[in-house]
Amino acid sequence: MTIEDFPADRAAALHRLQAFGPRMGHHYARGRNTDLGPGHRADVSRLSPALRHRLVTEAEVVATALRLHGAEAAGKFIEEVFWRSYWKGFLQLRPALWDDYQAELAQDLARLEAEPELRAGYDRAVHGATGIAGFDAWAAELREAHWLHNHARMWFASIWIFTLRLPWTLGADFFLRHLLDGDAASNTLSWRWVAGLHTAGKAYVARAENIARCTGGRFDPAGQLEEDAAPLPFLPPSAPRPLPGLGPLPEGPVALLLHEDDLHPESLLPDGVPDGVKVRAIAGFAVPQARSPLGCAPGVARHAWQALADGLARAGRHFDAPATGLAPEAVAGWAVGHGLPVVTPEAPVGWTAAALEGLGIPLHPIRRDWDAACWPEATRGYFAFRQRIPDWLASLRLSPASA
Ligand SMILES: Cc1cc2nc3c(=O)[nH]c(=O)nc-3n(C[C@H](O)[C@H](O)[C@H](O)COP(=O)(O)OP(=O)(O)OC[C@H]3O[C@@H](n4cnc5c(N)ncnc54)[C@H](O)[C@@H]3O)c2cc1C
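Residues numbered from 1 in each chain as written. Predicted model: local features only at pLDDT ≥ 70, side-chain atom pairs only at ≥ 80, totals over all residues. Heavy atoms only, no water.

A. Just the overall build of the protein chain, in detail. A tally of helices and strands in the protein chain yields 18 helices and five strands. A globule of 403 residues ought to have a C-alpha radius of gyration of about 22 Å, and the protein chain, at 21 Å, matches this closely. Along the first, second and third principal axes, the C-alpha set of the protein chain runs to 65 × 50 × 40 Å. As displayed, the protein chain offers around 16,600 Å² of accessible surface, 54% of which is attributable to carbon and sulfur atoms. Charge centroids of the protein chain, computed over 39 positive and 45 negative side chains, lie 3 Å from each other. (Helix = DSSP H or I, 4+ residues; strand = E, 2+ residues; numbered from the N terminus. Rg over C-alpha atoms; globule rule 2.2 N^0.38 Å. Areas by Shrake-Rupley, 256 points an atom, 1.4 Å probe, with all protein chains shown as cover. Lys, Arg positive; Asp, Glu negative; His and termini not counted. Charge placed at Lys NZ, Arg CZ, Asp CG, Glu CD.)

See below:
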């Protein structure tokens, strides 16, 4: 199998963005659902690991699409980028969904130990030994390349839940441990969406005909799939909470703490930030292995660490201050050592936010305008959310990417 490569630093991510820019219009709209396999994926950006770590920001990617194609031709691509913001906002307003997922996963992992039949089915699935055309190749690709095309993720999750009848949490965990772009919101909520837990009465059921057509005939699981499956029992999520407000930024000298959820420190300080704010010390930490009780694949951890190192190096140059990578246990000592108030990009619900909480030091999180605009609107379905896109395109500062 050809291993796709994924940018782990901003320079490579910008290169990918520039290369894909010309295809963000009609090419994308026409080709985004077709997955002809590794090495044949020119119609999707493969920017998700870079966007997930904000080596490039949503604003930069959308600005590129607008500049090259205009809002109409690039509409599909822009909508997909906003799916990310929708999921982030949806979870941010309902953090209990992440807690519930983790609790259910712990139970299902315990069941794996206690139920040999479940264990055998699970092992066949994750090792790509089910005999289902396509599914086994995607399991292998996930383990080797640490990425899957969006349509393959949908088919895989659907087959996992409805044909193999495995607990959805174990599939979501398998993805999270192996995806370079593994993200608490996009992954958990997409699995819930496939299962029928996001919208009452609506699940995503993979069909052999669709797989054969959209893989250019590479796979044809005719007769192998459960195509009449009912959605899993739907429990409405709790009502959205208001997005918690953040305190004002401290004035004067500060220390900056970076983490894997936001690695574009150059654009972090918002417009109108007090003139006196000066970054004097910089540190960063990443805990990619905290994605799951089972840790994560070594390649995934390596990627997160490389991205962090790149963010730290750029932050050091940008703010002209020393920048260092730390183990989480060392962060409190660093904070006490310089005695400055610590600002940090706000970490959305997930393992980094939990790790930040666990540091036990006062933090001043910074929320980007993009998140402040989008997240509070994720109260209902995506259809209602995406009606706001034209307003956001008009009101948000969409600066084109620069090195
Ligand atoms: C079961 C399942 C699990 C998923 N888990 C993750 C995950 O952990 N992390 C993650 O980033 N994406 C996840 N996705 C969403 C999507 O599959 C990937 O973002 C997309 O495949 C990335 O490929 P790309 O960069 O070529 O996307 P493109 O099609 O080029 O889209 C550009 C960007 O828009 C965003 N985007 C596109 N489609 C979606 C979508 N459906 N949901 C959210 N954002 C989207 C991504 O940031 C992507 O990089 C999941 C989807 C499913 C069905």
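B. Fine view of the site of the ligand. Within the structure, the ligand sits among 27 residues, and Tyr28, Ser45, Arg46, Asn150 and Asp181 are positioned closest to it. The side chain of Arg153 places a nitrogen or oxygen atom 3.4 Å from an oxygen atom of the ligand. Summarising the interface, the protein chains cover 96% of the accessible area of the ligand, which totals 820 Å² for the free molecule. Looking at the shell around the ligand, the elements that each hand over two or more residues are α3 (48–52), α5 (75–93), α9 (150–163) and α11 (184–195). No other element matches α5, which puts six residues into the shell around the ligand. Residues belonging to the shell around the ligand are distributed by class as follows: 14 nonpolar, seven polar and six charged. When residues of the shell around the ligand are assigned to domains, at least three map to each of domain 1 (10–93 + 375–395) and domain 2 (102–214). (Near = heavy atom within 4 Å. Polar contact = N/O pair within 3.5 Å; in protein donor to acceptor, adjacent residues only side chain to side chain. Nonpolar A, V, L, I, M, F, W, Y, C, P; charged D, E, K, R; others polar. Domains from an automatic or database assignment.)

C. Expanded view of the UniProt feature "domain: Cryptochrome/DNA photolyase FAD-binding" (unreviewed entry) in the protein chain. According to UniProt, the "domain: Cryptochrome/DNA photolyase FAD-binding" (unreviewed entry) feature falls on residues 77–224. Split by type, residues 77–224 is 69% helix and 0% strand. Its first and last C-alpha atoms lie 33 Å apart. (UniProt positions renumbered as here; feature names shortened; annotations may be inferred.)

D. Here's a closer look at the packing of helix α6 (residues 96–114) against α11. Where α6 meets α11, the axes come as close as 11 Å, and the angle between the chain directions of the two elements is 70°. Classified by the interaxial angle, the pair formed by α6 and α11 is roughly perpendicular. For the pair α6 and α11, the contacting residues are Leu97, Trp98 and Tyr101 in the first and Ala184, Thr188, Leu189 and Arg192 in the second. Residues of the contact of α6 with α11, tallied by class, amount to five nonpolar, one polar and one charged. (Axes fitted to C-alpha atoms, helices over the stretch in contact; angles between N-to-C directions. Parallel < 35°, antiparallel > 145°, perpendicular 65-115°, else oblique. Contact = heavy atoms within 4.5 Å.)

E. Representation of unusual backbone geometry. Phi at Arg46 is positive, roughly 55°, even though this residue is not glycine. By the secondary structure assignment, Arg46 is in the loop between α2 (26–31) and α3. Phi at Arg54 takes a positive value of approximately 55°, unusual for a residue other than glycine. Tracing the sequence through the fold places Arg54 in the loop between α3 and α4 (58–73).

F. Representation of the environment of Gln306 within the structure. As for its placement among the helices and strands, Gln306 is situated in helix α13 (residues 298–319). Classification of Gln306 as partly exposed rests on a relative accessible area of 44%. Once the C-alpha coordinates of Gln306 and Ala8 are considered, the two residues, 298 residues apart in sequence, prove to be 6.0 Å apart. (Buried < 20%, exposed > 50% of the residue type's maximum accessible area, 1.4 Å probe, protein only.)

G. Structural context of helix α14 (residues 328–338). Among the residues making up α14, those that are buried are Val331, Trp334 and Ala335. Within α14, the buried residues cover an arc of 100° as seen down the axis, which keeps them to one side. Counted as exposed and oriented over 90 degrees from the buried face of α14: Glu329, Val336 and Gly337. Directly beyond the C-terminal end of α14, a positive phi value near 70° is found at Gly339. (Arc of directions from axis to C-beta.)

H. Representation of the sheet that holds strand β2 (residues 278–285). Pairing is parallel across the open sheet formed by five strands, whose spatial order is β3-β2-β1-β4-β5. With one partner strand each, in any of the chains shown, β3 (323–325) and β5 (363–366) form the two edges of the open sheet. Averaged over neighbouring strand pairs, the angle between their axes works out to 25° when direction is ignored. Bridge analysis of strand β4 (residues 342–345) against β5 gives four bridges, and the strand direction is parallel. Across the sheet, the residue bridging to Val343 is His364, located in β5. Against the sheet, α13 touches β1 (253–259), β2 and β3, its axis set at about 170° to β2. The strands touched by α14 within the sheet are β1, β2 and β4, with β2 carrying the most contacts at an inclination of about 165°. (Pairing = 2+ DSSP bridges.)

I. Representation of the packing of α4 against α5. Two elements in contact, α4 and α5, have axes separated by 8 Å at closest approach and are oriented at 150°. In terms of their interaxial angle, α4 and α5 are classed as roughly antiparallel. Both α4 and α5 take part in a crossing whose hand is left-handed. Of α5, the residues touching α4 (which contributes Glu58, Val61, Val62, Ala65, Leu66, Ala71, Glu72 and Ala73) are Gly75, Phe77, Ile78, Val81, Arg84 and Ser85. For the contact of α4 with α5, the class distribution of residues is nine nonpolar, two polar and three charged. (Left-handed = near helix turned anticlockwise from the far one by under 90°.)

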